[in-house]
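Chain residues, written in single-letter form:
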Amino acid sequence: MDDLAVTFVDRGRVQADRNFVVDGHSVATASDRDPEHEYETYVVWNLVVETPEMTVLWDTGSHPEAGDGYWPTPLYEAFAHVDAAEHPLPADLEDAGYSIGDIDAVVMSHLHLDHAGGLHNFAGTDVPIYVHRNELPFAYYSANTDDGSIAYLASDFDRDLNWEIVHGDSYHLTDGIELLHLPGHTPGLMGAFIDRPNQPLLVVGDEAYVEANYAGQSMATSLLWNNGAWKESLERCRDRQRATGAEVLLGHDLAVFEDVSGTMD
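As the structure is a computational prediction, the values presented were derived from the model and not from experiment.

A.B. asks: So, the UniProt feature "domain: Metallo-beta-lactamase" (unreviewed entry) in the protein chain: which residues are in play, and what are the values?
C.D. replies: When the UniProt feature table is mapped to this numbering, "domain: Metallo-beta-lactamase" (unreviewed entry) covers residues 43-252. Measuring from the first to the last C-alpha atom of residues 43-252 gives 5 Å, for a span that is 25% helix and 24% strand.

Structure (structure tokens):
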């Protein structure tokens, strides 16, 4: 679509052991019982997609107080969003030329704490928050019981929000934006096919944190809700890329983000 524009919003840096991101990247063996671990830097990002019908925000990033006790200590120890305080959503949107009031709809790829931490900016408004049918109940279940995933915080999403529920494997949000159900990382993970001028953009998101995941090396089991579903979703993404020649945006790969967005750290 000639009248569709994508703006990339850099929401800061997360640091973590690569073993979380690429399963078995550094493991002890009989001959090397103390292997070196790689502590790497990853990116958190959002998108603003402008179409003639609406201005869409993709995800909301981490809560700005993530490092000040808002995130539980074990989670922050594993995935430290070291500059979250420097990246509140309104300020980062302003740097990109937008305001919270410019946003007509929010699409939540999923409700993990590094994606849903800015939802409080839309509480009490009529801005629709799109989330997959399989994500919302799992998020509430996880945040309020000892089962499910530990990466959900009820305080992120248990608010007065105007939920719009997405059903099925594919959902037409508006001209040029197709939402894709990509279960595996979570039950309701969504990606998107965005029909940009010149070259479409395939938003893979947390289906693949980094390029190694997109090549087929899974994330650690702690980051996967269902490994079989993850593999099927990965093939779906690859098939779409091959069929369309789309540029691919991964979940947290800093080099890929810089390349796709045209920015450099």
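A.B. asks: Account for the sheet that holds strand E5 (residues 105-107), naming residues and giving values.
C.D. replies: Strands sit in the order E4-E1-E2-E3-E5-E6-E7 across an open sheet of seven strands; the sheet is mixed. Taken across any chain shown, the strands that pair with only one partner, and hence form the sheet edges, are strand E4 (80-81) and strand E7 (162-166). Summarising the sheet, strand E1 (residues 5-17) and strand E2 (residues 39-50) pair through 11 bridges and their orientation is antiparallel. Along E2, the bridge assignment pairs Asp 17 with Tyr 39. Sheet contacts for helix H9 (residues 254-261): E1 and E2; angle to E1, the most-contacted strand, approximately 165°.

A.B. asks: For the pattern of salt bridges, give the residues involved together with the corresponding values.
C.D. replies: Counted according to the given criterion, the structure contains seven salt bridges. A salt bridge links Arg 11 to Asp 92; its shortest N-O distance comes to 2.8 Å. Of the two residues, Arg 11 is situated in strand E1 and Asp 92 in helix H3 (residues 89-95); the sequence distance between them amounts to 81 residues. Assigned by exposure class, Arg 11 and Asp 92 land together as buried. Asp 239 is paired through a salt bridge with Arg 242; the nearest N and O atoms lie 2.4 Å apart. You can see Asp 239 and its partner Arg 242 sitting in helix H8 (residues 227-244), three residues apart, about one turn around the helix. Of the residues examined, Arg 242 reaches a relative accessible area of 58% and is grouped as exposed.

Thresholds applied
- Residues numbered from 1 in each chain as written.
- Predicted model: local features only at pLDDT ≥ 70, side-chain atom pairs only at ≥ 80, totals over all residues.
- Heavy atoms only, no water.
- UniProt positions renumbered as here; feature names shortened; annotations may be inferred.
- Helix = DSSP H or I, 4+ residues; strand = E, 2+ residues; numbered from the N terminus.
- Pairing = 2+ DSSP bridges.
- Contact = heavy atoms within 4.5 Å.
- Axes fitted to C-alpha atoms, helices over the stretch in contact; angles between N-to-C directions.
- Salt bridge = Lys/Arg side-chain N within 4 Å of Asp/Glu carboxyl O.
- Buried < 20%, exposed > 50% of the residue type's maximum accessible area, 1.4 Å probe, protein only.

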